[in-house]
Amino acid sequence: MDPGLVYDIQPQDYINYLCAMGYTPNEIRVISKKPEVNCANATLDLNYPSFILILNNTNTARYTFQRTLTNVGMSSCSYRVEVNTPPTGMNVVVKPSIIFFEGKYSTAKFEVIVDVDISGSTRIKGGYFGNSVYLSWLEVNGHHVV
């Protein structure tokens, strides 16, 4: 298997996520089997290849997601981003649009800025409005797509 890049994640990242979800330290100790739980860095933003933005009783929102990719390939490389967004209601910007890796196990950070405005959209049955965005990293002069 040769994925090119991976989204690394550590056990503490999941603990931070559970903290942000409102789990108590005791509940997290049961789930994680860790004797001590630290919720100082609680966040709903995991270093994961998926993103979710929930609009709670509003039609507009802006959120910035932070991610880190690790090169598991054998050499230095670069990737350019490709973003496919819906025609209306959402704008997505990725910074930087090209990331560079110096070699195996080197990392690169990027951010995804999402602006949503569904003010003019028609509500669907059940009151939920959903859109999907597809973000891919394409290896420059290579074959990996992440």
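Everything numeric here is computed off the predicted structure, so don't read it as measured data.

Criteria and thresholds
- Residues numbered from 1 in each chain as written.
- Predicted model: local features only at pLDDT ≥ 70, side-chain atom pairs only at ≥ 80, totals over all residues.
- Heavy atoms only, no water.
- Helix = DSSP H or I, 4+ residues; strand = E, 2+ residues; numbered from the N terminus.
- Contact = heavy atoms within 4.5 Å.
- Areas by Shrake-Rupley, 256 points an atom, 1.4 Å probe, with all protein chains shown as cover.
- Lys, Arg positive; Asp, Glu negative; His and termini not counted.
- Charge placed at Lys NZ, Arg CZ, Asp CG, Glu CD.
- Buried < 20%, exposed > 50% of the residue type's maximum accessible area, 1.4 Å probe, protein only.
- Polar contact = N/O pair within 3.5 Å; in protein donor to acceptor, adjacent residues only side chain to side chain.
- Pairing = 2+ DSSP bridges.
- Axes fitted to C-alpha atoms, helices over the stretch in contact; angles between N-to-C directions.
- Salt bridge = Lys/Arg side-chain N within 4 Å of Asp/Glu carboxyl O.
- Left-handed = near helix turned anticlockwise from the far one by under 90°.

Undergrad: Looking at this structure, I do not really get the overall build of the protein chain. What am I missing?
TA: The helix and strand inventory of the protein chain stands at 2 helices and 7 strands. Its helices and strands in sequence order give the protein chain the pattern β-α-α-β-β-β-β-β-β, from N to C terminus. Seen along its three principal axes, the alpha-carbon backbone of the protein chain occupies a region of about 50 × 50 × 25 Å. Of all intrachain contacts in the protein chain linking residues separated by at least 6 positions in sequence, the fraction that spans at least 24 positions is 63%. Approximately 9,700 Å² of the protein chain is accessible, and the part contributed by carbon and sulfur atoms is 52%. Within the protein chain, the 12 negative side-chain charges are centred at a point lying 6 Å from the centre of the 11 positive side-chain charges.

Undergrad: Before we go on, may I ask you to explain the environment of glutamate 27 in this structure?
TA: Mapped onto the fold, glutamate 27 is located in helix H2 (residues 25-32). Classification of glutamate 27 by relative accessible area gives partly exposed; the value is 39%. Along the backbone, glutamate 27 and asparagine 41 are 14 residues apart, and their C-alpha atoms lie at a distance of 17 Å. Separated by 2.8 Å, the side chain of glutamate 27 and the backbone nitrogen of threonine 24 make a polar contact.

Undergrad: Honestly, the sheet that holds strand S5 (residues 98-101) in this entry has me stumped. Any pointers?
TA: By way of backbone hydrogen bonds, the strands of a sheet pair with one another, either parallel or antiparallel. Reading across from one edge, S5-S3-S7 is the order of the 3 strands in this open sheet, with antiparallel pairing throughout. Two strands lie at the open edges of the sheet, namely S5 and strand S7 (134-139), each paired on one side alone. Between one strand axis and the next, the sheet turns by 25° as a mean value, whatever way the strands run. Direction of pairing for strand S3 (residues 77-84) relative to S7: antiparallel, over a ladder of 6 bridges. Paired with valine 81 across the two strands is tryptophan 137, which belongs to S7.

Undergrad: I keep staring at the pattern of salt bridges and nothing clicks. Help me out?
TA: Pairing is possible between side chains that carry opposite charge, provided their charged atoms lie close to one another. The full count for this structure, using the stated rule, is 2 salt bridges. Of the charged contacts, one joins aspartate 45 and arginine 67 as a salt bridge, the two residues approaching to 2.3 Å between their closest N and O atoms. In this pair, aspartate 45 sits in the loop between H2 and strand S2 (60-71) while arginine 67 sits in strand S2, placing the two residues 22 residues apart along the sequence. Arginine 67 carries the same exposure label as aspartate 45, and that label is buried. Here arginine 62 makes a salt bridge to aspartate 115, at a shortest N to O gap of 2.6 Å. Of this pair, arginine 62 sits in strand S2 while aspartate 115 sits in strand S6 (residues 107-117), and the two are 53 residues apart along the sequence.

Undergrad: What is the right way to look at the packing of helix H1 (residues 11-20) against H2 in this model?
TA: Packed helix pairs are characterised by how far apart their axes lie and by the angle those axes make with each other. Their axes nearest at 10 Å, the elements H1 and H2 cross at an angle of 145°. The handedness of the crossing between H1 and H2 is right-handed. Residue-level inspection shows Ile15, Leu18 and Cys19 of H1 in contact with H2, the latter providing Ile28, Ile31 and Ser32.

Undergrad: Is there a simple way to think about the pairing of S3 in this case?
TA: Working note: regular strand, side chains alternate between the two faces of the sheet. Here S3 runs beside S5; their pairing, made up of 4 bridges, is antiparallel. Bridging across to S5, serine 78 finds its partner in phenylalanine 100.

Undergrad: Honestly, the environment of glutamine 10 in this entry has me stumped. Any pointers?
TA: With respect to the secondary-structure elements, glutamine 10 resides in the loop between strand S1 (5-6) and H1. Between the alpha carbons of glutamine 10 and threonine 68 there is a distance of 12 Å; along the sequence they are 58 residues apart.

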